[in-house]
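A structural walkthrough
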Amino acid sequence: MDQKQIIAKKPTLRELEISLLKKIKEGDDEAYIQLVSPFRERLFRKAISMVKDGDDAEDIVQDALISGYRSIRNFRAESGVYTWLYRIVVNKSKDLLAKRKRAKENSMDDKEYQVTDDRLGFEKKIELSDESDYLIKKINELEDLYKEVIELRYFEEMSYAQIAEVLGTNVGTVKSRLFKAKEFLKHLILQDGKGEGYFR
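Quick caveat: nothing in here was measured; it's all calculated off a predicted structure.

Quick notes on the packing of aromatic side chains
Scanning all chains against the criterion turns up four aromatic pairs. Between Y32 and Y69, the aromatic rings sit 5.3 Å apart at their centres with planes inclined by 65°, giving edge-to-face as the arrangement. Residue Y32 is located in helix α3 (residues 29-36), and its partner Y69 is located in helix α5 (residues 54-71); the two are separated by 37 residues in the primary sequence. With a relative accessible area of 6%, Y32 lands in the buried category.

Have a look at this one:
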């Protein structure tokens, strides 16, 4: 067998996921660990970007993975495993933030969802170098609706279809929302007298 044939037989990530899901549904618990382990760090970064606390973020990820394990046998694999787990982490993070808000109704220090620069793909997608802090500051001035879609597209590097699934909407709405988000962001940047070449 030549090298080309060997390369052609290497399974894609999607094929690997489907294979592991089949093993899980057949009762192989180790396959679940193998399935979710590659996503744990990215899920943690997402959780900590929302809840701003390492211990809470770790608890959220652990809870999300447990919830995922309990429902994995009903997972239909219509979407990627990461997208599915990401949505669970976001929902659990929002639940925690809601609990904090209720516990500190009179506090001015309620922590809001913020975009941070510790995610993979930042330098790849947005060429800012020394101005990364500035852009993040401007992104955080947007409404959560627009901050989230920018984060998913440029920081999490999700496709329009994946974003639509996470947000529970359709691809057309995602594209429209992302367009508006970039226009609002451009307006904020231009107000400061800076260039508009941030999102090419």
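Examining the pattern of salt bridges
By the definition in use, this model includes eleven salt bridges. The residue D144 makes a salt bridge to K147 at a minimum N-O spacing of 3.0 Å. In this pair, D144 and K147 are both assigned in helix α9 (residues 144-155), three residues apart and thus about one turn of the helix distant. Relative accessible area serves as the criterion here: at 40%, D144 is assigned to the partly exposed category. Judged by relative accessible area, which is 2%, K147 ranks as buried. The salt bridge partner of E183 is K186, with a shortest N-O separation of 3.6 Å. Taken as a pair, E183 and K186 lie in helix α11 (residues 171-191) at a separation of three residues, close to a single helical turn. According to the relative accessible area criterion, E183 is partly exposed, its value standing at 34%.

A few points about α11
When the terminal C-alpha atoms of α11 are compared, their 30 Å separation across 21 residues agrees well with the 30 Å that a helix rising 1.5 Å per residue should span. Every buried residue of α11 is listed here: V174, R177, L178, A181, L185, L188 and I189. Along the axis of α11, the buried residues cluster in a sector spanning 110°; they form a single face. α11 presents F179 and Q191 as exposed residues on the side facing more than 90 degrees away from its buried surface.

Brief notes about the nonpolar core
In this structure, L35, L43, I72, V81, L85, Y86 and I150 are the most contacted members of the largest nonpolar core, which totals 48 residues. Among the elements that take part in this core, helix α6 (residues 81-103) stands out by supplying nine residues, more than any other. Beyond its immediate sequence surroundings of up to four residues, L85 is in contact with Y32, V36, F39, L43, A64 and L65.

Remarks on the packing of helix α4 (residues 40-51) against α5
Between α4 and α5, whose axes approach to 8 Å, the crossing angle comes to 130°. Classified by the angle their axes make, α4 and α5 are oblique. For the crossing formed where α4 meets α5, the hand is right-handed. Side by side, α4 and α5 meet where R40, L43, F44, A47, I48 and V51 of the first sit next to G54, D56, A57, E58, I60, V61, Q62 and L65 of the second. Counted by class, the contact of α4 with α5 contains nine nonpolar, two polar and three charged residues.

About the thresholds
Throughout this document, residue positions are counted from 1 along each chain, in the order its sequence is written. Given that the model is predicted, a residue must reach a pLDDT of at least 70 before its local features are reported, and side-chain atom pairs must reach 80 or more before they are shown or counted; all residues, however, enter totals for whole chains, interfaces and linings. Processing note: side-chain calculations cover all non-hydrogen atoms of the structure and skip hydrogens and water entirely. Each pair of aromatic rings taken from Phe, Tyr and Trp, with Trp reduced to its six-membered ring, is defined by centres within 6.5 Å and is described as stacked if the planes are under 30 degrees apart, edge-to-face if over 60, and tilted in the remaining cases. Working definition: helices are DSSP H or I runs of at least four residues, strands are E runs of at least two. Numbering for both runs from the N terminus. Residue exposure (1.4 Å probe, protein chains only): buried if accessible area is under 20% of the type maximum, exposed if over 50%, otherwise partly exposed. For salt bridges, the criterion is a side-chain nitrogen of Lys or Arg within 4 Å of an Asp or Glu carboxyl oxygen. Expected span of a helix: the number of residues minus one, times 1.5 Å. Along the arc lie the directions from the helix axis toward the C-beta atoms. What makes a nonpolar core is a set of buried Ala, Val, Leu, Ile, Met, Phe, Trp, Tyr and Cys residues whose side-chain atoms join them at distances within 4.5 Å. Residues are treated as being in contact if the distance between any of their heavy atoms lies within 4.5 Å. For helices, the fitted line uses only the C-alpha atoms of the stretch in contact; every axis is such a line through C-alpha atoms, and the angle between N-to-C directions lies from 0 to 180 degrees. Here the word oblique covers every angle except those under 35 degrees (roughly parallel), over 145 (roughly antiparallel) and from 65 to 115 (roughly perpendicular). Two helices crossing with the near one rotated counterclockwise from the far one by less than a right angle form a left-handed crossing, whereas a clockwise rotation gives a right-handed crossing. Each residue receives one of three labels: charged for Asp, Glu, Lys and Arg, nonpolar for Ala, Val, Leu, Ile, Met, Phe, Trp, Tyr, Cys and Pro, and polar for the others, Gly being one of them.

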